[in-house]
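So the chains spell out like this:
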Amino acid sequence: MTSRGDHPSPAGDARRAQTFARGGALNLAGALVQQAALFVVLSLLATSLGAADLGRYSLLYGMLALLSLLGLAGFRAGMTRFVAIYLADDDPARLRGTVRLGMGVTVLGSSALAVGLALAAPAVAAFYRDATLVDGVRIVALTLPATTITDAALSATQGWRSQVEYTLIGRFLDPLTVLGLTGLVVGLGLGLTAALWAVAAGAWLAAVLSVAALIRRLRWIPKVRPIIEARAIFSFSLVSWGSTLAATGLIWSGTLILGRLSDPQSVGVFTVGARLVSLAVFVMAPITNAFTPHMAHLAHLGHRDEAARAYGTATRWILAASLPAFVLLVTFAGPVLLLFGEDFVAGAMVTVVLAFGQFVAAVAGPCGVVLNMSGRVVLSMVDNVGVLILNVVLTLLLVPPFGITGAALAWSISLVVVNVTKVLQVYRVLGTVALGARIVPLILASLPAAALGLLVRSVVEEPVTALLVGVPLLLTVQSALLVRFGIAPEDRAALRAIVARVTRLRPSKTLMT
């Protein structure tokens, strides 16, 4: 990636941050709603179904997540990258060809997988030594095409460097629909199967709306004969496919292996700890999604310095927004888990261990995106496949002696290895660092809040009282310190842009183009 005349300046940094924030703000709000909805769903299922059925639900959800990516055949990143490139090149024929190829492969691939999974449902249940999973596996098969179609269509809309459709459908409508239907299921006293049907209904509604949103975008593209650059698209997408499959496998491998080596209740406890940690870093996905099309655009144009500064901005925002939750989980893991029931307190150490691994991932920032959008997808795939193998081996070795804590250790070690590796590769291969990330001041600003949290835990023995007293104090102190030491001038400019947009109550033109 060679530079073509970048001239960084404070004014340029502010403009870039404002532009980045317009897409990121909506995506961040959507991620907050999505994670809150998922958290409430998890809480409802934990309290109504118990740890064992929650473990079964998580096991089936993990299957859906992995098989959905398998059905996408790499077109999640491929659609975003090539749509963004052909828009920048003003090439409507190749843009239309990309969309036609991506949606066609997605529909055919996911449908074939769905049929195979439905037929294999009894064998899958036998593998996990749980006959009650048969109906759930078949519901996952029915849901599978919907989730892959949604991902492909919304990924294509992101190529316009807009987060509107992705956020409104993927992060607002889908999770809120699932939440509403799950609440109805719990209210009626129905069980696990009904909760899975809620996921299926939300997925198909999202699929219909996602395809409609993509068609609406294409109406503004000149109607020319599509040109399908199959070789270029498949070369990128298939490698990206392997990389993304491995990355998602890293997320769900612990759950799937626990389901085989342990019991459903252990899976349920592990799931709650993992979900809490995922909630702590919920900002990572929306900020990364907003960063991805910008990185594809800058890498394509060869704007190396600007790309490095955008990488730094994304990293700083991810870390600053995640640190309060990390401190909260490390200091109050036990009391927080008690809110789900006494059975889940056993996951306190799991939560702390997983939080450390995700903290390292937050410090690394969207390093994988930098590699992918710069064309180093093979390198990224090798990283992800290698660390998935490491995680599987570690999980198999550590779960028998240490149970769910062993699964957490395996996952955290794997996260540290892959993120450190990618940061070094971004520097050594691309010569790029996260310029202006200000990582050290952010971390130092969190230490007093962590000390305060530990002090409250040592003084206040009753868990609920400790939460009521400690959490407001911790968050207040940490937020004040982050504002004082962690916010860069361009961040203030971005915040002003967001506030101005909200107060004017009108959509940004950038989001509509």
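Above: the structure in question.
Residues numbered from 1 in each chain as written. Predicted model: local features only at pLDDT ≥ 70, side-chain atom pairs only at ≥ 80, totals over all residues. Heavy atoms only, no water.

This paragraph deals with the pattern of salt bridges. Tallying each qualifying case throughout the model produces five salt bridges. Glu165 is paired through a salt bridge with Arg217; the nearest N and O atoms lie 2.8 Å apart. Taken together, the residues span a long stretch of sequence, with Glu165 in helix H6 (residues 164-187) and Arg217 in helix H7 (residues 192-218) at a distance of 52 residues. One exposure class covers both Glu165 and Arg217, and it is buried. The network of salt bridges with shared partners includes Asp53, Arg56 and Asp130. (Salt bridge = Lys/Arg side-chain N within 4 Å of Asp/Glu carboxyl O. Helix = DSSP H or I, 4+ residues; strand = E, 2+ residues; numbered from the N terminus. Buried < 20%, exposed > 50% of the residue type's maximum accessible area, 1.4 Å probe, protein only.)

Topologically, Ala118 is positioned in helix H3 (residues 92-119). Distance in space between the C-alpha atoms of Ala118 and Leu142 is 7.9 Å, their sequence separation being 24 residues. Setting aside residues no more than four positions away along its own chain, Ala118 makes contact with Arg138 and Ala141. (Contact = heavy atoms within 4.5 Å.)

For the structure shown, the criterion picks out eight aromatic pairs. Judged by centre distance (6.3 Å) and plane angle (20 degrees), the ring pair of Tyr57 and Tyr61 falls under stacked. Of this pair, Tyr57 and Tyr61 both sit in helix H1 (residues 10-72), four residues apart, which is roughly one turn of that helix. In this structure Tyr61 comes out as partly exposed when scored by relative accessible area, which is 31%. Aromatic side chains Phe127 and Tyr128 sit 5.0 Å apart centroid to centroid with 90 degrees between the ring planes, which places their arrangement in the edge-to-face category. Joined through ring pairs, the aromatic side chains of Phe39, Phe340 and Phe344 make up one cluster. Here the guanidinium or amino end of Arg81 rests over the ring plane of Phe82, the centre of that ring lying 5.4 Å away. The positively charged end of Arg260 is found above the aromatic ring belonging to Phe127, 4.8 Å away from the centroid. (Phe/Tyr/Trp six-rings, centres within 6.5 Å; stacked < 30°, edge-to-face > 60°. Lys NZ or Arg CZ within 6 Å of the ring centre and 35° of its normal.)

Moving on, we get to unusual backbone geometry. Despite not being glycine, Asp90 has its phi angle at roughly 55 degrees, a positive value. With respect to the helices and strands, Asp90 occurs in the loop between helix H2 (75-88) and H3. Phi at Arg129 is positive, roughly 55 degrees, even though this residue is not glycine. For Arg129, the location among the structural elements is in the loop between helix H4 (121-127) and helix H5 (133-158).

What follows is about helix H9 (residues 264-280). Taking 1.5 Å as the rise per residue, H9 with 17 residues should run 24 Å; its terminal C-alpha atoms sit 24 Å apart, in good agreement. In terms of residue burial, H9 counts as a mostly covered element, since 13 of its 17 residues are buried. Looking at where H9 begins, the residue whose side-chain oxygen comes 3.1 Å from the main-chain nitrogen of Gln265 is Asp263. (Expected span 1.5 Å × (residues − 1). Polar contact = N/O pair within 3.5 Å; in protein donor to acceptor, adjacent residues only side chain to side chain.)

Interhelical geometry of helix H8 (residues 230-261) versus helix H15 (residues 404-430) gives an angle of 160 degrees and a closest axis separation of 10 Å. The pairing of H8 with H15 is recorded here as roughly antiparallel in orientation. Relative to H15, the crossing made by H8 is right-handed. For the pair formed by H8 and H15, the contact residues are Leu250, Ile251 and Leu258 on the first element and Ile404, Ala407, Trp411, Ser414 and Leu415 on the second. Looking at the contact of H8 with H15 residue by residue, the classes come out as seven nonpolar, one polar and no charged. (Axes fitted to C-alpha atoms, helices over the stretch in contact; angles between N-to-C directions. Parallel < 35°, antiparallel > 145°, perpendicular 65-115°, else oblique. Left-handed = near helix turned anticlockwise from the far one by under 90°. Nonpolar A, V, L, I, M, F, W, Y, C, P; charged D, E, K, R; others polar.)

The quantities given are spatial measurements derived from coordinates; they are silent on function.
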